[in-house]
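# Observations on chain architecture
Listed here are the chains, written in short residue letters.
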Amino acid sequence: MKKATIQLETLACPSCALKIEGAAKFLDGVVKDSVKVLFNSSKVKLDFDEEKLSVEDIEKAITALGYEVIKSQVK
Amino acid sequence: MQRFILSKKNHIALISAILIMTGFTSELGFKNETVAVWAFVTASVIAATPIAIQAFQALKVKVVSIDVLVTIAVIGAFFIKNFEESAVVTFLFLFGAFLEQRTLNKTRSAIKELTEMAPESALKQMEYGEFEEVDVDEVDVGDILLVKTGAKIPVDGTVISGEGSVNEASITGESLPVSKEKGSSVFAGTILDNGTIQIVADRVGEDTTFGKIIELVEEAQDSKSKTERFIDRFSKYYTPAVLLIGFIVWVFSRDVELAITILVLGCPGALVIGVPVSNVAGIGNGARNGILLKGSEVIGDFSRLDTMVFDKTGTLTLGNPSVSEKVYYGEGIQEALGYLASIERESDHPLAKAVLTDIGNTRFSPVENTEVVKGGGITATVDGHRVAVGNVALMEKEGIVLSEQAKADINRLVANGNSLVLISVDGELKILMGVRDQIRPGVKEVLTRLKKLGVKNLIMLSGDNQGTVDVVSRELGLTEAYGNMLPEDKADYIKKLIEEKKQIVAFVGDGVNDSPSLALAHIGIAMGSGTDVAIETSDVVIMNSDIKRLPHALGLAKATARNMKQNIFIAIGVVLFLLTGVIFSEWMNMSIGMLVHEGSILVVILNGMRLLRYKLRWKPFK
């Protein structure tokens, strides 16, 4: 299990945060309860199973929604 | 393609504005309907595209967002050939989003400034002793780093050579430079104003004090209070509900115009964004002033505070006792002072330092036969005289007779909260000294200010004896003050205040041995510059233990809580206004609805922004 912190472009509307949260929870291998979208700091924090998917997959899901990923960190 | 369109939203808004203007000029100026219709249709289509894309993406993850409402409304407007309205509504929506983004960035600016202070690179010593610039992520514990004048200190570490002065404002909020030399600790994110130092890394990255502060502030600005979570849940069902109502209205009235107007009016914008905006601006203001407020729940509780409890005398006093009064008896005082200083010079008793500082320059003599009397003091032979230094008990043990005058002096000094030092030479009392802690400068004004801000009770719980506590309490006008308290007594007392007296209680402490009380109180206020326990267990951190920041912290919490309420009020007021408009008036339509809606979002953001400039208005004390 890994912990990812993904820095996004500035989020402008709270519903963007909802969308991103929804998209991340949809992914297989992401711990659903761990998904936290920080609206003001424009960050996504979540736990995921590195055997099922990589952080790039998560980034892809977010960019597909139209939000740019600036930086991500995995611990 | 989708991303390209979304990234060009602002350009699209501009083109759409130009088209709309063309449309209106040709319609009203040249009476040319065809050109006007085409201009409005084009404007609607290009502006609706990004909105429709966002709506589609939202639906894919099962979220009915505002974009969905607006998209359906625009399609409806097209259906009834009201192109003018659809053009104006889509334009306003995009333009509103642009303004929101700009103003939101402003409210977040204070915290952004803080995170941007994070160091990015370091000069690290490599294998052959030369220094090379590396990314701060590549620094490990134990690495040796070089910091030059003007550079940011990249990690928490210890100076191993060189000296300089450091601006620690990012950690303590205090801009006065602090001088550092070999052995001093330095903190990541602080700036070396002058000098050059080499440091060894003790803590790196997120483990540094600065890293922790940033993480806390970031979590805090996005933490949600009960009200907010309620609003969130509410808005999750609110938008689908609006959609449903619009549909029902259409089914029964067959009036598309009315149905789509309801969709636009129902957008929940200001309500969802109002509270987070106040929160982020308030926390940002605190961060700039060396005050960490951990989230909106804390702000809410803090703003309703009844009772503030201080953990010990030392929070309100300077904590270094000094001689407040001296009484001399009989002859040979100068010699007695010399003997006293000679003995105290060898002692590490806390009172000894105060006594020595007070005596200053004197003639020191060799001390022989020193004997420490437990719970009493010291006896010794100086210059062939038998000298005893200590408390009343020691004097009695030495068989020294205290005059009525001396007894009266002793009682007076004790009543004033002094600890006593008595000195006898050859069986005769020569000097009586009262040693006392001093109130911190400015504390009195701080407490007055807190009371003015609505704190009803100021209480001190101290481990010191009741006499000392009473004196401090009387001098500062505390509501209540208790001495001889152990940490568990303090925790019990806090529990009693909360459970029996139903008060909202803040506990101010340094977190060293009072973490139970810090955790128990509604608001734990840690006075600390970076002790981990305090930062973690508390709700509010006053960065450099500066008690003068307390009133600002409380005032800010109150202003932020007020601001949140105003924003909720504005948001709900606007929705009610629009709804009455649509029911009772002729002039209400989609465009006006969208204008008012976007306007209200800007109003709540601007209102939140005021908090960035919040300052407690009062004259600083000299």
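Source: prediction; values computed, not measured. (Residues numbered from 1 in each chain as written. Chains lettered and ligands numbered in written order. Predicted model: local features only at pLDDT ≥ 70, side-chain atom pairs only at ≥ 80, totals over all residues.)

### Description of the overall build of chain A
Put simply, the rule is: The way it works is that DSSP assigns letters per residue, a run of H or I at least four long becomes a helix, a run of E at least two long becomes a strand, and they are numbered from the N terminus. It is over C-alpha atoms that the radius of gyration is taken, and the globule rule equals 2.2 Å times the number of residues to the power 0.38. Exposure classes come from backbone-placed C-beta atoms, where a residue is buried if 20 or more other C-beta atoms lie within 10 Å of its own, exposed if 12 or fewer do, and partly exposed in between. Contacts here follow a simple rule: the backbone-placed C-beta atoms of the two residues must lie within 7 Å.
When helices and strands are counted, chain A shows two helices and four strands. Secondary structure of chain A in N-to-C order comes out as β-α-β-β-α-β. For chain A, the C-alpha radius of gyration of 11 Å lies close to 11 Å, the compact-globule estimate for 75 residues. For the C-alpha atoms alone, the extent of chain A along its principal axes is close to 35 × 20 × 20 Å. For chain A, the residues scored as buried account for 41% of the 75 residues in total. In chain A, of all internal contacts separated by at least 6 residues, the share reaching a separation of at least 24 is 66%.

### A few points about the overall build of chain B
When helices and strands are counted, chain B shows 24 helices and 20 strands. Over its C-alpha atoms chain B spans a radius of gyration of 35 Å, topping by over 25% the 25 Å that the globule rule assigns to 622 residues. Expressed as a percentage of the 622 residues in chain B, the buried residues total 45%. Once local pairs closer than 6 in sequence are excluded, the contacts in chain B between residues at least 24 apart make up 66%.

### Here's the deal with the nonpolar core
In plain terms, the rule: We call a set of buried Ala, Val, Leu, Ile, Met, Phe, Trp, Tyr and Cys residues a nonpolar core when their C-beta atoms link them within 7 Å.
A:Ile20, B:Ala73, B:Val89, B:Val264, B:Ala506 and B:Val540 are the most contacted members of the largest nonpolar core, which has 166 residues in total. Leave out the neighbours within four places in its chain, and B:Ala506 touches B:Phe302, B:Leu305, B:Met308, B:Val309, B:Ala521, B:His522, B:Ile523 and B:Ile525. Counting 27 residues, the second largest nonpolar core, distinct from the first, contains B:Val389, B:Val421, B:Leu429 and B:Met433.

### Comments concerning the sheet that holds strand S10 (residues 322-328) of chain B
Sheet strands pair via backbone hydrogen bonds, and the direction of the pair is either parallel or antiparallel. Residues and elements named next belong to chain B. What counts, and what does not: For two strands to pair, DSSP has to find at least two bridges joining them. Where helices are involved, their axes are fitted lines through C-alpha atoms of the stretch in contact, as for all axes, and angles between N-to-C directions lie from 0 to 180°.
With antiparallel pairing, the six strands of this open sheet are ordered in space as S10-S15-S14-S13-S12-S11. Every other strand in the sheet has two partners, leaving S10 and strand S11 (367-373) as the edge strands with one partner each. This sheet shows a mean twist of 15 degrees between the axes of neighbouring strands, independent of strand direction. Across five bridges, the pairing between S11 and strand S12 (residues 377-382) is antiparallel. Of the residues in S12, the one forming a bridge with Glu371 is Thr379.

### Brief notes about the pairing of strand S3 (residues 43-48) of chain A
Residue and element names in this part refer to chain A. Examined bridge by bridge, strand S1 (residues 2-8) and S3 share six bridges and lie antiparallel to one another. Paired with Ile6 across the two strands is Val44, which belongs to S3. Sheet topology places strand S2 (residues 36-38) next to S3; three bridges connect them, and they run antiparallel. Bridging from a neighbouring strand, Val37 pairs with Val44 of S3. Linking S2 to S3, which pair antiparallel, is a turn of four residues; within it Ser42 sits at a positive phi near 55 degrees.

### Observations regarding the domain arrangement of chain B
Here is the rule we go by: An automatic or database domain assignment provides the domain bounds reported here.
Under the domain assignment, chain B is made up of domain 1 (120-154 + 156-203) and domain 2 (322-436). For domain 1 of chain B versus domain 2 of chain B, the separation of C-alpha centres amounts to 47 Å.

### Overview of the packing of helix H10 (residues 256-265) of chain B against helix H23 (residues 550-584) of chain B
Residues and elements named next belong to chain B. Formally: Angle categories: roughly parallel below 35 degrees, roughly antiparallel above 145, roughly perpendicular from 65 to 115, and oblique for all the rest. Note on residue classes: Ala, Val, Leu, Ile, Met, Phe, Trp, Tyr, Cys and Pro are nonpolar, Asp, Glu, Lys and Arg are charged, and everything else, Gly too, is polar.
Where H10 meets H23, the axes come as close as 10 Å, and the angle between the chain directions of the two elements is 170 degrees. Overall, the two elements H10 and H23 adopt an arrangement that is roughly antiparallel. Packed against H10, whose contacting residues are Thr261, Ile262 and Leu265, the element H23 presents Leu578, Leu579 and Val582 at the interface. Classifying every residue of the contact of H10 with H23 by side-chain character gives five nonpolar, one polar and no charged.

### A few points about the interface of chain A and chain B
Contact residues are listed per partner, giving 15 residues for chain A and 24 residues for chain B. If one sorts the elements of the side of chain A that touches chain B by residue count, helix H1 (residues 14-26) of chain A sits on top with seven residues. When the residues that make up the side of chain A that touches chain B are grouped by side-chain class, the tally is eight nonpolar, six polar and one charged.

### Considering unusual backbone geometry
Trans peptide bonds make up most of the peptide bonds, and negative phi angles are found at most residues other than glycine. Residues and elements named next belong to chain B. In this model, Lys81 sits at a positive phi of 60 degrees, which is unusual for a non-glycine residue. Assignment of secondary structure puts Lys81 in the loop between helix H4 (66-79) and helix H5 (83-107). Notably, Asp426 is not glycine yet its phi reads approximately 50 degrees, a positive angle. Here Asp426 is to be found in the loop between strand S14 (419-425) and strand S15 (428-436).

### Side note on H10(B)
A large share of H10(B) lies buried, amounting to seven of its 10 residues. Turning to H10(B), its buried residues number three or more, namely B:Ala259, B:Ile260, B:Thr261, B:Ile262, B:Leu263, B:Val264 and B:Leu265.

### Some words on the pairing of strand S7 (residues 191-203) of chain B
The two faces of a sheet get side chains in turn, since along a regular strand they alternate between them. All names here are of chain B. With four bridges connecting them, strand S3 (residues 144-147) and S7 associate as antiparallel partners. In the strand pairing of S7, Leu145 is matched with Ile199. The sheet contact formed by strand S4 (residues 156-167) and S7 spans 11 bridges and is antiparallel. Within S7, the position partnered with Asp156 by the bridge is Arg203.

### A word on the environment of B:Val277
All names here are of chain B. One can find Val277 in helix H11 (residues 269-288). The class of Val277 is buried, set by 28 C-beta atoms lying within 10 Å. Beyond its immediate sequence surroundings of up to four residues, Val277 is in contact with Thr107, Asn567, Val604, Ile605 and Gly608.

### Points about the sheet that holds strand S16 (residues 457-461) of chain B
All names here are of chain B. Strand order in the open sheet made by the seven strands is S8-S20-S19-S18-S9-S16-S17, with mixed pairing throughout. The sheet terminates laterally at strand S8 (291-293) and strand S17 (480-482), the two strands that pair on one side only. This sheet shows a mean twist of 15 degrees between the axes of neighbouring strands, independent of strand direction. Across three bridges, S8 lies against strand S20 (residues 540-542) in antiparallel orientation. The residue of S20 that forms the bridge with Leu292 is Val541. Strand contacts of H23: S8 and S20, with the helix running at about 35 degrees to S8, the strand carrying the most contacts.

### Focus: the confidence of the model for chain B
As a reminder, the rule being used: Confidence scores per residue from the predictor, reported as pLDDT, run from 0 to 100.
On average, chain B scores 83 in pLDDT, and the residues at 70 or more come to 95%. Scoring the predicted complex yields pTM 0.72 and, for the interface, ipTM 0.74.

### A short note on the packing of helix H3 (residues 33-60) of chain B against H5(B)
Residues and elements named next belong to chain B. Where we set the bar: Two helices crossing with the near one rotated counterclockwise from the far one by less than a right angle form a left-handed crossing, whereas a clockwise rotation gives a right-handed crossing.
Relative orientation of the contacting elements H3 and H5 amounts to 40 degrees, with a least axis distance of 8 Å. On the basis of the axis angle, H3 is oblique to H5. Judged by the sense of rotation from one axis to the other, the crossing of H3 with H5 is left-handed. Mapping the contact onto sequence places Val37, Phe40, Val41, Ala43, Ser44, Ala47, Ala48 and Ile51 in H3 and Phe83, Glu84, Ser86, Ala87, Thr90, Phe91, Phe93 and Leu94 in H5.

### Some remarks on the environment of B:Phe577
Of note, B:Phe577 is situated in helix H23. In this structure the C-alpha to C-alpha distance between B:Phe577 and B:Ser65, which are 512 residues apart in sequence, comes to 22 Å.

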